Amino acid sequence: MRRFTSRIAAALAAALITTLAVTIPASPAAAVETLKVPDTGLVFYQAYTQIIVGRQATPDGICRPVPAEAIWAIGWNGFGSVSGYRTSDCTGAASELNNFHSWPYEGYYLSYRAG
């Protein structure tokens, strides 16, 4: 009798998993945006991958935070100057992050200004 009960339980579990997989839509958060060539704007990427963690469409000169997971960036078009700062408020010495630039670890640059 135990064997019969175990088989019924396994069958019900399989049916439940199948039903949930079919009826629950994929979460939008599960979608991952990856590198595409060519892209547009200023795009920040995750360490050792091509996963996009931030994006700015057009330069505007506003101080913005660098995405915490970013370790490299590409200015695809329209970005004449991108300055990276080790502070959160775009103060202190700036480093140019124009075109393609990477840095040694996540959190190395805390803010940037794109003009």
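Residues numbered from 1 in each chain as written. Predicted model: local features only at pLDDT ≥ 70, side-chain atom pairs only at ≥ 80, totals over all residues. Heavy atoms only, no water.

Draft legend 1. Region of interest: the overall build of the chain. Check the secondary structure of the chain and you find one helix and eight strands. Sequence-ordered secondary structure for the chain, helices as α and strands as β, is α-β-β-β-β-β-β-β-β. For the chain, restricting intrachain contacts to residue pairs at least 6 apart in sequence, the fraction spanning at least 24 positions comes to 58%. When the accessible area of the chain is evaluated, it comes to approximately 7,500 Å², of which 62% is carbon and sulfur surface. (Helix = DSSP H or I, 4+ residues; strand = E, 2+ residues; numbered from the N terminus. Contact = heavy atoms within 4.5 Å. Areas by Shrake-Rupley, 256 points an atom, 1.4 Å probe, with all protein chains shown as cover.)

Draft legend 2. Geometry of the packing of aromatic side chains. One pass over the structure, following the stated rule, counts seven aromatic pairs. Judged by centre distance (4.9 Å) and plane angle (90°), the rings of Y108 and Y109 are edge-to-face. One Lys or Arg, R86, reaches over the ring of Y108 and ends 3.9 Å from the middle of that ring. (Phe/Tyr/Trp six-rings, centres within 6.5 Å; stacked < 30°, edge-to-face > 60°. Lys NZ or Arg CZ within 6 Å of the ring centre and 35° of its normal.)

Draft legend 3. Here's a closer look at the confidence of the model for the chain. For the chain, per-residue confidence averages 79 on the pLDDT scale, and residues scoring 70 or more make up 73% of the total. Element-level mean pLDDT values for the chain span from 43 in helix α1 (residues 2–23) up to 98 in strand β3 (residues 63–65). Contacts from residues 9–28, a stretch scored under 50 in pLDDT, to residues over four places away or in other chains number zero contacts. (pLDDT = per-residue confidence, 0-100.)

Draft legend 4. Here's a closer look at the pattern of salt bridges. Applying the stated criterion across every chain, the model contains three salt bridges. Where E33 meets R55, a salt bridge forms, and the shortest distance between an N and an O atom there is 2.5 Å. In this pair, E33 is assigned in the loop between α1 and β1 (42–46) and R55 in strand β2 (residues 52–56), connecting sequence segments 22 residues apart. The class for E33 is partly exposed, based on a relative accessible area of 37%. Between D60 and R64 there is a salt bridge, with its nearest N and O atoms 2.3 Å apart. Given the relative accessible area of 35%, D60 is considered partly exposed. (Salt bridge = Lys/Arg side-chain N within 4 Å of Asp/Glu carboxyl O. Buried < 20%, exposed > 50% of the residue type's maximum accessible area, 1.4 Å probe, protein only.)

Draft legend 5. Looking closely at the sheet that holds β2. If you walk across this open sheet you meet the four strands as β2-β1-β4-β7, and the pairing is antiparallel. Of all strands in the sheet, those with a lone pairing partner are β2 and β7 (100–102), marking the two edges. Adjacent strand axes in the sheet meet at a mean angle of 15° when their direction is disregarded. In this structure, β1 lies alongside β2, joined through four bridges in antiparallel fashion. For L42, the partnering residue across the bridge sits in β2 and is Q56. (Pairing = 2+ DSSP bridges. Axes fitted to C-alpha atoms, helices over the stretch in contact; angles between N-to-C directions.)

Draft legend 6. Fine view of the side chain of Q56. In this fold, Q56 is placed in strand β2. Residue class for Q56 comes out buried when judged on its relative accessible area of 4%. When residues no more than four places from it in sequence are discounted, the contact partners of Q56 are G41, L42, R64, F79, Y112 and A114.

Draft legend 7. Highlighting the pairing of strand β8 (residues 111–114). Taken together, the three bridges between β3 and β8 define a ladder with antiparallel strand orientation. Of the residues in β8, the one forming a bridge with P65 is S111. With four bridges connecting them, strand β5 (residues 82–85) and β8 associate as antiparallel partners. Paired with G84 across the bridge in β8 is Y112.

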